[in-house]
Amino acid sequence: MLTCRELTELTTDYLERRMPLRDWLRVRVHIAICRGCRTYLAQMKQTIRLLGLLPPEAPPPHARVELLASFRNTHSNTQSPRDITRAGDSATWAR
Amino acid sequence: MSITIPALSPSASSPRQDASPATSAAHPEDAALVGRLLAGDEAAFAGLVEQYHGRLVRLALAFVADRATAEEVVQDTWLAMLTGLRSFEGRSGLKTWIFSILTNRAKTRGHREKSSVPFSAFGDGHTAHEPAVAPARFTAAGSWSAAPEPWIDETPETLLLRGEVRTLIERAIAGLPPAQRAVLTLRDVEGVASADVCNILGIRETNQRVLLHRARSRIRAALEQHVRRDRC
Ligand SMILES: [Zn+2]
């Protein structure tokens, strides 16, 4: 039977479902009878969820201002009248 | 005695389902957004900056040594993105495309600067074996000698509400080796599909999985240590 130690090395393959059916079944059997590994797997899932909830930082105010200036700049420099005839017409781009 | 089998239906075993990869399904909302950007819609661009700037800085920090450099790389990324907007084909989605631009810029920058983290780590992540759990936690036969205790009323949300947990996770991420940090940030923090992560970072799928496994294991261990200390 799979040991607990081995199971802790298979958690990502298991969660990603990148393992042969046989191994997948061995993991299922193990967690059905082993409380420690059930807890371990639950913690792994909690960890993943937690990571997905980490909020990003807001952009610093100076970056906002500078980027908007570059945007105006890029736009007025590179846009030839022929490229975009009507502002906001995304169909022009999508062709 | 009854044994509770946790709900582990196949659909529940992967927290964020990867979208089917190869379908070159258009991303209609991306196309609309790109259209607005090309038309010079400032509000659209401001919204994009609001949405992505902090996330780009977070990813850049996996490649360069300090925040100031990361901010510069992100500025470069925005400019490169605006310049390349016309050539965006929508095959990969705007998010993946922006992260790719950032990664290329950040890697180049990382190579150029002596102060930056070495990125040879990406060649092949199979260095010395790094166990997911400290060997001391197991008996000689490989069973738990010190099994993990459930984080009972600690749902991710309640944990995260506590600012110190957020700091702890952020610090744990910052302490990861560069390649692990980049993979974890893209996969688990940003929710990018594994095929896209492989493309963005230029690594093989198996390698990606090994890096992800090690990174996740480290973050779990850091959290466990914290919850435990809290209980004593
Ligand atoms: Zn076990």
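This text follows the structure it describes.
Report follows, based on the coordinates. Keep in mind the model is a prediction, meaning the values are calculated, not measured.

Criteria and thresholds
- Residues numbered from 1 in each chain as written.
- Chains lettered and ligands numbered in written order.
- Predicted model: local features only at pLDDT ≥ 70, side-chain atom pairs only at ≥ 80, totals over all residues.
- Heavy atoms only, no water.
- Axes fitted to C-alpha atoms, helices over the stretch in contact; angles between N-to-C directions.
- Helix = DSSP H or I, 4+ residues; strand = E, 2+ residues; numbered from the N terminus.
- Parallel < 35°, antiparallel > 145°, perpendicular 65-115°, else oblique.
- Left-handed = near helix turned anticlockwise from the far one by under 90°.
- Contact = heavy atoms within 4.5 Å.
- Nonpolar A, V, L, I, M, F, W, Y, C, P; charged D, E, K, R; others polar.
- Buried < 20%, exposed > 50% of the residue type's maximum accessible area, 1.4 Å probe, protein only.
- Arc of directions from axis to C-beta.
- Salt bridge = Lys/Arg side-chain N within 4 Å of Asp/Glu carboxyl O.
- Polar contact = N/O pair within 3.5 Å; in protein donor to acceptor, adjacent residues only side chain to side chain.
- Phe/Tyr/Trp six-rings, centres within 6.5 Å; stacked < 30°, edge-to-face > 60°.

### Side note on the packing of helix α7 (residues 178-189) of chain B against helix α8 (residues 194-201) of chain B
Residues and elements named next belong to chain B.
Phase 1 of the analysis: The geometry of α7 relative to α8 is characterised by a closest axis approach of 10 Å and an angle of 140 degrees between their N-to-C directions. Taken together, the axes of α7 and α8 are oblique relative to one another. Relative to α8, the crossing made by α7 is right-handed. Touching Ala182, Val183, Leu186 and Arg187 of α7 are Ser194, Val197, Ile200 and Leu201, all from α8.
Phase 2 of the analysis: Residues of the contact of α7 with α8, tallied by class, amount to 6 nonpolar, 1 polar and 1 charged.

### Details of α8(B)
Residues and elements named next belong to chain B.
Phase 1 of the analysis: Among the residues making up α8, those that are buried are Ser194, Val197, Cys198, Ile200 and Leu201. Taken around the axis of α8, the buried residues stretch over an arc of 165 degrees, which confines them to a single face.
Phase 2 of the analysis: Following α8 by one or two positions, glycine 202 has its phi on the positive side, about 65 degrees.

### Some words on the interface of chain A and chain B
Phase 1 of the analysis: Contacts between the two partners involve 58 residues from chain A and, on the opposite side, 80 residues from chain B.
Phase 2 of the analysis: One can count 7 salt bridges joining chain A with chain B.
Phase 3 of the analysis: The partner of Arg216(B) in a salt bridge is Glu16(A), and the shortest N-O contact between them spans 3.8 Å.
Phase 4 of the analysis: The interface formed by chain A and chain B includes 17 residue pairs in polar contact (both at pLDDT 80 or more).
Phase 5 of the analysis: When residues of the side of chain A that touches chain B are traced back to their parent elements, those giving at least two are α1 (4-8), α2 (11-15), α3 (21-33), α4 (35-52), α5 (61-78) and α6 (90-94) of chain A.

### Here we look at the packing of aromatic side chains
All names here are of chain B.
Phase 1 of the analysis: With the rule as written, the count across this model stands at 7 aromatic pairs over all chains.
Phase 2 of the analysis: Ring geometry for phenylalanine 45 against tryptophan 78: centres 5.7 Å apart, planes inclined by 80 degrees, an arrangement best described as edge-to-face. Taken together, the residues phenylalanine 45 in helix α2 (residues 42-60) and tryptophan 78 in helix α3 (residues 67-84) connect sequence positions 33 residues apart.
Phase 3 of the analysis: Arranged with centres 6.1 Å apart and planes meeting at 75 degrees, the rings of tyrosine 52 and phenylalanine 99 form a pair that is edge-to-face.

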